[in-house]
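Chain residues, written in single-letter form:
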Amino acid sequence: MLFNVRNFVNVAKLTEIRKQQLRQFWSGPPAQMSVHLKGRDLLTLQNYTADELKYLLWMASDLKQRIKHKREYLPLLQGKSLAMIFEKRSTRTRLSTETGFALLGGHPSFLTTQDIHLGINESLTDTVRVLSSMTNAVLARVYKHNDLDLMAKAATIPVINGLSDLYHPLQILADYLTLQ
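From a predicted model like this one, the values you see are computed outputs, not experimental measurements. (Residues numbered from 1 in each chain as written. Predicted model: local features only at pLDDT ≥ 70, side-chain atom pairs only at ≥ 80, totals over all residues. Heavy atoms only, no water.)

1. A short note on the overall build of the protein
Next up, step 1: Helices and strands together make up the secondary structure of the protein, namely seven helices and four strands.
Next up, step 2: The N-to-C order of helical and strand elements in the protein reads α-α-β-α-β-α-α-β-α-β-α.
Next up, step 3: For the protein, the residues scored as buried account for 36% of the 180 residues in total.
Next up, step 4: Excluding contacts between residues fewer than 6 apart, the proportion of contacts in the protein whose partners are at least 24 apart in sequence is 59%.
Next up, step 5: Total accessible area on the protein is roughly 11,700 Å²; 56% of this is exposed by carbon and sulfur atoms. (Helix = DSSP H or I, 4+ residues; strand = E, 2+ residues; numbered from the N terminus. Buried < 20%, exposed > 50% of the residue type's maximum accessible area, 1.4 Å probe, protein only. Contact = heavy atoms within 4.5 Å. Areas by Shrake-Rupley, 256 points an atom, 1.4 Å probe, with all protein chains shown as cover.)

2. Some remarks on a nonpolar patch on the surface
Next up, step 1: Taken together, the side chains of Ile 172, Tyr 176 and Leu 179 make up a nonpolar region of the molecular surface, amounting to roughly 330 Å² of accessible area.
Next up, step 2: With respect to the secondary-structure elements, Tyr 176 resides in helix 7 (residues 169-179).
Next up, step 3: Here Tyr 176 falls in the partly exposed class, since its relative accessible area comes to 44%. (Patch = residues over 30% accessible without salt bridge, like charges linked within 9 Å, V, L, I, M, F, W, Y side chains within 5 Å. Salt bridge = Lys/Arg side-chain N within 4 Å of Asp/Glu carboxyl O.)

3. Section: the sheet that holds strand 2 (residues 107-112)
Sheets are built from strands that pair by backbone hydrogen bonding, the pairs being arranged parallel or antiparallel.
Next up, step 1: Read across the sheet, four strands follow the order 2-1-3-4 without closing on themselves; strand pairing throughout is parallel. With partners counted over all chains shown, the strands left at the sheet margins are strand 2 and strand 4 (159-163), one partner each. Adjacent strand axes in the sheet meet at a mean angle of 20°, parallel and antiparallel pairs treated alike.
Next up, step 2: Inspection of the sheet shows strand 3 (residues 137-141) paired to strand 4 by four bridges, in the parallel sense. Within strand 4, the position partnered with Leu 139 by the bridge is Ile 160. (Pairing = 2+ DSSP bridges. Axes fitted to C-alpha atoms, helices over the stretch in contact; angles between N-to-C directions.)

4. Focus on the pattern of salt bridges
Next up, step 1: Enumeration over the complete set of coordinates arrives at five salt bridges.
Next up, step 2: Two residues, Arg 66 and Glu 72, come together in a salt bridge whose shortest N-O distance is 3.1 Å.
Next up, step 3: On the accessibility criterion, Arg 66 (27% relative accessible area) is partly exposed.
Next up, step 4: With its nearest N and O atoms 3.1 Å apart, the salt bridge here joins Glu 98 to Arg 94. Taken together, the positions of Glu 98 and Arg 94, both in helix 3 (residues 91-103) and four residues apart, correspond to about one turn of that helix.
Next up, step 5: Take Glu 98: its relative accessible area is 18%, and that puts it in the buried class.

5. Focus: the nonpolar core
Next up, step 1: Membership of the largest hydrophobic core comes to 19 residues, with the highest contact counts inside it found for Ile 85, Val 138, Leu 148, Met 151 and Val 159.
Next up, step 2: Looking at this core, the element that brings in the most residues is helix 6 (residues 145-154), giving four residues.
Next up, step 3: Non-local contacts of Ile 85, meaning those with residues more than four positions away in its chain, are made with Leu 111, Ile 116, Leu 118, Leu 131, Val 138, Leu 139, Ala 140, Arg 141 and Met 151.
Next up, step 4: Leu 82, Phe 86, Phe 110 and Leu 139 belong to the second-largest nonpolar core, a separate cluster that totals seven residues. (Core = buried A, V, L, I, M, F, W, Y, C linked by side-chain atoms within 4.5 Å.)

Have a look at this one:
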């Protein structure tokens, strides 16, 4: 019996320490970070430092708290548009991306292979050049990661990996955010 009480007290202490650490984490932006994310592609998390990932997670958490719980209106993406290319359909990815972009004042454009005929009527690089001239970023769910690499090389705007055969960085970030 005494052993169970001690375990309970130890777990309670650890839980309180974790809560304090989380409160410190959520109370403000990461201390004095030099993070430069504007204009960068998000093809894999391997291209980001630990500080950059921490900043992304902090920003996502902060925006979620302010928009969802405090009901703040933050038109940070007003006047911006996002081309969403989906070779692979996904209800959650489409709705979460469209909703999030719209809540920040932006305009998402959903494009399927029937809409743009990727690599059939015009090359992948031509398609992404056109999108670069008309939108501010491209999110793509593709079958081959190589297609994302080609898009990123030809684009003059950021390319975001919505899913490929090799990586799913948005899902990993969402999972980390959930686990925090």
